[in-house]
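Working through the structure, step by step
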2 protein chains.
Amino acid sequence: MAINDLTIQPSEPARLPDKEPLGKDVSREAVVSGQSKSDARLVSIQRLLRRGAITNLAKMLARMHPADIANVIDHLSSLKEKREIFELVRGDVKRGQVLSELDGESITLVLSDLLPSDAAWLLKDLGSDDIAHILSVIPNDRAKDILALMRTEDSTEIADLLKYPKGTAGGIMTTEFFALSEDATAQEAIRRLQQATDAEMVFYIYVTDKDDRLVGVLSLRQLLTVPPATPLKNIMTRDLISVAVDMDQEEVSRQVASYNLLAIPVVERDGKLVGIITVDDVVDVIREEATEDMLKMAGAIEEDSMFKSSSMVAARVRLPWLFTNLVGSLLSGMLLWLFRYTIQEVVAIVSFIPVIAAMGGNVGLQSSTLIIRGLATGMVELTDVWKIFFREAKIAFLMGIACSLMLTIVGWLWHQVFLGMVVGVSLITAFLVSTSMATVMPIVLKRMGVDPAVAAGPFVTTANDITGIAIYLTLATIFLEQIR
Amino acid sequence: MAINDLTIQPSEPARLPDKEPLGKDVSREAVVSGQSKSDARLVSIQRLLRRGAITNLAKMLARMHPADIANVIDHLSSLKEKREIFELVRGDVKRGQVLSELDGESITLVLSDLLPSDAAWLLKDLGSDDIAHILSVIPNDRAKDILALMRTEDSTEIADLLKYPKGTAGGIMTTEFFALSEDATAQEAIRRLQQATDAEMVFYIYVTDKDDRLVGVLSLRQLLTVPPATPLKNIMTRDLISVAVDMDQEEVSRQVASYNLLAIPVVERDGKLVGIITVDDVVDVIREEATEDMLKMAGAIEEDSMFKSSSMVAARVRLPWLFTNLVGSLLSGMLLWLFRYTIQEVVAIVSFIPVIAAMGGNVGLQSSTLIIRGLATGMVELTDVWKIFFREAKIAFLMGIACSLMLTIVGWLWHQVFLGMVVGVSLITAFLVSTSMATVMPIVLKRMGVDPAVAAGPFVTTANDITGIAIYLTLATIFLEQIR
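Residues numbered from 1 in each chain as written. Chains lettered and ligands numbered in written order. Predicted model: local features only at pLDDT ≥ 70, side-chain atom pairs only at ≥ 80, totals over all residues. Heavy atoms only, no water.

**Details of the interface of chain A and chain B**
Between chain A and chain B, the contact holds 155 residues from the first and 156 residues from the second. Note on chain A versus chain B: buried area summed over both sides is about 14,000 Å², and carbon and sulfur give 65% of it. Here chain A and chain B share 2 salt bridges between them. With a shortest N-O distance of 2.9 Å, R318 of chain B and E392 of chain A are connected by a salt bridge. Between chain A and chain B we count 11 residue pairs in polar contact (both at pLDDT 80 or more) in total. The element best represented in the side of chain A that touches chain B is helix α18 (residues 311-338) of chain A, accounting for 19 residues. Considering only residue class, the side of chain A that touches chain B consists of 84 nonpolar, 40 polar and 31 charged. (Contact = heavy atoms within 4.5 Å. Buried area = accessible area lost by both parts, 1.4 Å probe. Salt bridge = Lys/Arg side-chain N within 4 Å of Asp/Glu carboxyl O. Polar contact = N/O pair within 3.5 Å; in protein donor to acceptor, adjacent residues only side chain to side chain. Helix = DSSP H or I, 4+ residues; strand = E, 2+ residues; numbered from the N terminus. Nonpolar A, V, L, I, M, F, W, Y, C, P; charged D, E, K, R; others polar.)

Next up, the structure:
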């Protein structure tokens, strides 16, 4: 979402020409009590809707921030109510802002009610990245109709943006940046700035050469502190951070975060400046990527996270992961069946099967979560492999000792001491095996270019469980005479 | 970390007076190839260190961004090497910036080598939030010595900041904001701006009344577009978003993210402006909170994530979670022991124990991850409870049907059809029970003010496993004649 679009004062149109990110509040309490307030707001809007209190609703919406209105619309369950609220928002500018904050489902719904010309009108004041996002979620034909009705310069820009793949710098950048020639003077720059209305990020002024290649950057404040006739090339910083248009959005967000930037310019292979990515979009990317990793680890892939898809679709999305687990646990079951004579001989063995089956996987999950998250945030480098491996193995060994001592005592009190010892030794072995796999797998996957979050998934966990049970039953069979 | 501190051009001191966030690059390739580059850089620095190629090292460091140097120091394993690299960084300003980007362990190490007066000198150009952070990680006595040697105005501010609890708005805010009286004119504001050197965020100009209460905000760009004599109160936006000094940092970050702000002002209960939080710190909070949630779900709590604590400490931190799991799985084991006659009668029952034990927990993990993450990002509101509950139950039921069909067939081919059916029915029941718990628990915890991420922890998972096994063995005992 564009920084400056959201923040226009909707109730005071006199301030509209200046599109700066100032923010607008619903009420002081909203800010203090936080999320519970947004719950309360949703409830009271639903109540007003059901009572048909249109005037009160419109008044309430007039005082609300577009992002909050969008949040309400996203959370309403009835399509009719979503439509009603959107229709009650006054003013095209504010309606456009609400639109840009909606989720995919609500965007499609709201735009399907409008004529393409009305939709084009709502979109006209939004940032090019927001427009491209909105058009990318609605049906293709409709997007084309709307695009055809926009100003030619806008529609060309947006059509260009739509060509970049999702998840790359090009896919999240905006084309509304403020760039000037290196020969322009500080005074000219200030004049241009006063006229510019659609540059999203006016905190940095990008400087380009004759071929539109990015050669420098300066800040608004620098302009104020030099004599008016100074050419930009004398005050600009030449050494600047930029990203390639095809860079992965996760890497872009890592750079913006680690260099503490407000915006990062995006360049083509030849150095031509084509867009900028602002920090607010980076914030969204960081949240999305964290969500994606967590869901991947739990085997519920991202699309499902919106709580919007039908139960059938959601079940289909989650089933493959569950089936893999099912097959894995059936393999463990086959091992138990293989050792059924041992089990029938000493039925006490079954008392520890759940322990052995669960604990290896748990220890592995601890290690793999640490490493997967470390790789995602850049805290773990691939060169750290061995250091981390030995550290995790040592921790697993220490915890294994503690747990097996406890198990030996439990085994002794419950059945007999030798069984407890067999369980204990199996547990330590299982811990070491599963930690090794949990540490090495994410790193191997990352090296192969696969998302390491997969490593916390069913394959590794299941493999750990099977290994644990195999070790336990083998030891139990070997020491059958002792544990009887 | 402060936005403007990091981005000074270290190799070109002539530009130092202007502390704007322009960013500096190491090399174009670094930006294009990303993380592998930081690996490569670490390796080549280690090589230069071991060869003793001090001149080359110093040259390389001079070209590197402070954040990248800090990253290298954090990842070096030998304390001696960490020290050597820090000592090779030229220029107090740059050294200060590197310091502000280091992790806690490296900060303590580097500062323990310096005289308090030298340390105070390094800190003097940093933002007050960065200084407060640095002083909060080193031993208390040392922090006091350093603080005593700083300029009185700085040290008072920092001592004030250190009083706010970690994790609150006060704990992450900076006191370097740019605020003017509402009666000042645009021209005065511009003049003040040209003189100001230590205001971290000059993109927003905050406006206060006689009692220092925040009454409005305006943007730098607004100043340029009005006649010079205009008083600020005529152009400022009065309706603005601010947060209370004791607000939880997670809620602050949610607000900055949802309203797309670059900075949010922090006020005392009486409305007095005391600081601002910039979006770069919000980015850090969002990453930290996501990491924390993931680690909490895997039972490895946050402090351990730094890969810095000793193995002993790490093991102690992770053990409680593991012990809870151990006890839980022992309870499952006791259930198996309780039903040992059933098992001895029909040993084929053991073939499905791993399936029943694992699958319920897995389905629950999918639901609880979705909900925990949704609550953290604000995508799920507490009012959505029932909608989500029924949706998740329906999904679990659909997946349960699919899995039990498969299990019935497997049971039929492997042992006999009735056993397969008992397994299938147990699985569907276990799915429904565990989804219900996984959906309801995070919401109940959130309502009680407990972090919902705990719900994915051992209690719920273990309870699910036990329930599944209890259902399975009870059904198997009831239908013992049929499955024999």
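**Overview of the relation of the copies chain A and chain B**
Overlaying chain A with chain B gives an RMSD of 0.1 Å, the required rotation being 180° about an axis along which the chain moves by 0.0 Å. A rotation of that kind, with that shift, is consistent with a two-fold axis. Interface residue correspondence from chain A to chain B reaches 100%, placing this contact among same-surface, isologous pairings. (Least-squares fit on C-alpha atoms with pLDDT ≥ 70 in both.)

**Brief notes about the side chain of S404 of chain A**
Structurally, S404 of chain A can be placed in helix α21 (residues 385-414). Apart from the residues lying within four places of it in its own chain, the contact partners of S404 of chain A are G424, L427 and I428 of chain A.

**As for the side chain of S426 of chain B**
Residue and element names in this part refer to chain B. Along the chain, S426 falls in helix α22 (residues 417-447). A polar contact of 2.6 Å, which involves the side chain of S426, links it to the backbone oxygen of V422. Those residues within four positions of S426 in sequence are excluded, and the remaining contacts are I356, I471, Y472 and L475.

**Regarding the confidence of the model for chain A**
Residues and elements named next belong to chain A. Counting all residues, the mean pLDDT for chain A is 82, and 88% of those residues have values of 70 or more. Considering each helix and strand of chain A separately, the mean pLDDT is smallest for helix α1 (residues 28-33), with a value of 35, and largest for strand β4 (residues 243-244), with 94. Every residue in residues 1-35 is under pLDDT 50, and counting partners more than four places away or in other chains gives 128 contacts. (pLDDT = per-residue confidence, 0-100.)

**Examining the packing of aromatic side chains**
In this structure the tally under the stated criterion is 12 aromatic pairs over all chains. Judged by centre distance (5.5 Å) and plane angle (80°), the ring pair of F389 of chain A and F390 of chain A falls under edge-to-face. Residue classification places F390 of chain A among the exposed positions, given a relative accessible area of 52%. Centre to centre, the rings of F352 of chain B and W414 of chain B are 5.7 Å apart; their planes meet at 65°, and the pair counts as edge-to-face. Of this pair, F352 of chain B sits in the loop between α19 (340-345) and α20 (353-377) while W414 of chain B sits in helix α21 (residues 385-414), and the two are 62 residues apart along the sequence. (Phe/Tyr/Trp six-rings, centres within 6.5 Å; stacked < 30°, edge-to-face > 60°. Buried < 20%, exposed > 50% of the residue type's maximum accessible area, 1.4 Å probe, protein only.)

**Quick word on the sheet that holds strand β5 (residues 263-267) of chain B**
All names here are of chain B. Pairing is mixed across the open sheet formed by 3 strands, whose spatial order is β4-β5-β6. A single partner strand is all that each edge strand has here, and the edge strands are β4 (243-244) and β6 (273-278). Sheet topology places β5 next to β6; 5 bridges connect them, and they run antiparallel. Within β6, the position partnered with I264 by the bridge is I277. Relative to β5, helix α16 (residues 249-258) is tilted by about 140°, and along the sheet it contacts β4, β5 and β6. (Pairing = 2+ DSSP bridges. Axes fitted to C-alpha atoms, helices over the stretch in contact; angles between N-to-C directions.)

**Thoughts on the environment of V423 of chain B**
All names here are of chain B. Here V423 shows up in helix α22. Using a relative accessible area of 0% as the deciding quantity, one classes V423 as buried. Taking the C-alpha atoms as reference points, V423 and F352, 71 residues apart in sequence, are found 7.2 Å from one another. Apart from the residues within four sequence positions on either side, V423 is in contact with F352, I356, L407 and Y472.

**A look at the packing of helix α6 (residues 92-101) of chain B against helix α8 (residues 116-123) of chain B**
The packing of two helices is summarised by the inter-axis angle and the distance between the axes. Residues and elements named next belong to chain B. Put simply, α6 and α8 touch, their axes get as near as 8 Å, and they point 90° apart. When the interaxial angle is binned, α6 and α8 end up roughly perpendicular. Where α6 abuts α8, its residues D92, R95, G96 and L99 lie against W121, L122 and L123. Here the contact of α6 with α8 is built from residues that sort into 4 nonpolar, 1 polar and 2 charged. (Parallel < 35°, antiparallel > 145°, perpendicular 65-115°, else oblique.)

**Considerations on the UniProt feature "transmembrane region" (unreviewed entry) in chain A**
Residue and element names in this part refer to chain A. Under the feature "transmembrane region" (unreviewed entry), the UniProt entry names residues 319-339, 346-365, 396-415 and 421-445. Between the C-alpha atoms that bound residues 346-365 the distance is 31 Å, and the span itself is 65% helix and 0% strand. The span residues 396-415 is 95% helical and 0% strand by assignment, and the distance between its end C-alpha atoms comes to 26 Å. (UniProt positions renumbered as here; feature names shortened; annotations may be inferred.)

**Observations concerning a nonpolar patch on the surface**
Taken together, the side chains of V440, V444, M448, V450 and V454 of chain A define a hydrophobic patch exposed on the protein surface, amounting to about 380 Å² of accessible area. Within the fold, V444 of chain A resides in helix α22 (residues 417-447). (Patch = residues over 30% accessible without salt bridge, like charges linked within 9 Å, V, L, I, M, F, W, Y side chains within 5 Å. Areas by Shrake-Rupley, 256 points an atom, 1.4 Å probe, with all protein chains shown as cover.)

**Description of the sheet that holds strand β6 (residues 273-278) of chain A**
All names here are of chain A. As summarised here, the arrangement of the 3 strands in space is β4-β5-β6, forming an open sheet in which the pairing is mixed. Only two strands of the sheet have a single neighbouring strand rather than two, namely β4 and β6. Pairing of β4 with strand β5 (residues 263-267) involves 2 bridges; the strand directions are parallel. Bridged to V243 within β5 is V266.

**Things to note about the pattern of salt bridges**
Opposite charge on two side chains makes pairing possible when the charged atoms of those side chains draw close. Residues and elements named next belong to chain A. Counted under the stated rule, the structure contains 34 salt bridges over all chains. One salt bridge in this structure joins K163 and D160, with 3.2 Å as the shortest N-O distance. Taken as a pair, K163 and D160 lie in helix α11 (residues 152-163) at a separation of 3 residues, close to a single helical turn. Two residues, R269 and D246, come together in a salt bridge whose shortest N-O distance is 3.2 Å. Residue R269 is located in the loop between β5 and β6, and its partner D246 is located in the loop between β4 and α16 (249-258); the two are separated by 23 residues in the primary sequence. A residue is classified by how much of its surface remains accessible, and R269, at 65% relative accessible area, is exposed. Among the ionic contacts, a cluster of salt bridges with common partners joins D209, D211 and R213.

**Here we look at helix α13 (residues 186-195) of chain A**
Within α13 of chain A, the full set of buried residues consists of A186, A189 and L193 of chain A. Seen from one end, α13 of chain A has its buried residues packed into an arc of 55°, which puts them on one side. (Arc of directions from axis to C-beta.)

**Thoughts on the packing of helix α20 (residues 353-377) of chain A against helix α18 (residues 311-338) of chain B**
Close contact between α20 of chain A and α18 of chain B brings their axes to 8 Å; oriented N to C, the two are set at 155°. Considered as vectors, α20 of chain A and α18 of chain B are oriented roughly antiparallel to each other. Between α20 of chain A and α18 of chain B the crossing geometry is right-handed. Contacts from P354, V355, A358, M359, N362, V363, Q366, S367 and L370 of chain A of α20 of chain A reach α18 of chain B at R318, W321, L322, N325, L326, S329, L330, S332, G333 and L336 of chain B. Counted by class, the contact of α20 of chain A with α18 of chain B contains 11 nonpolar, 7 polar and 1 charged residues. (Left-handed = near helix turned anticlockwise from the far one by under 90°.)

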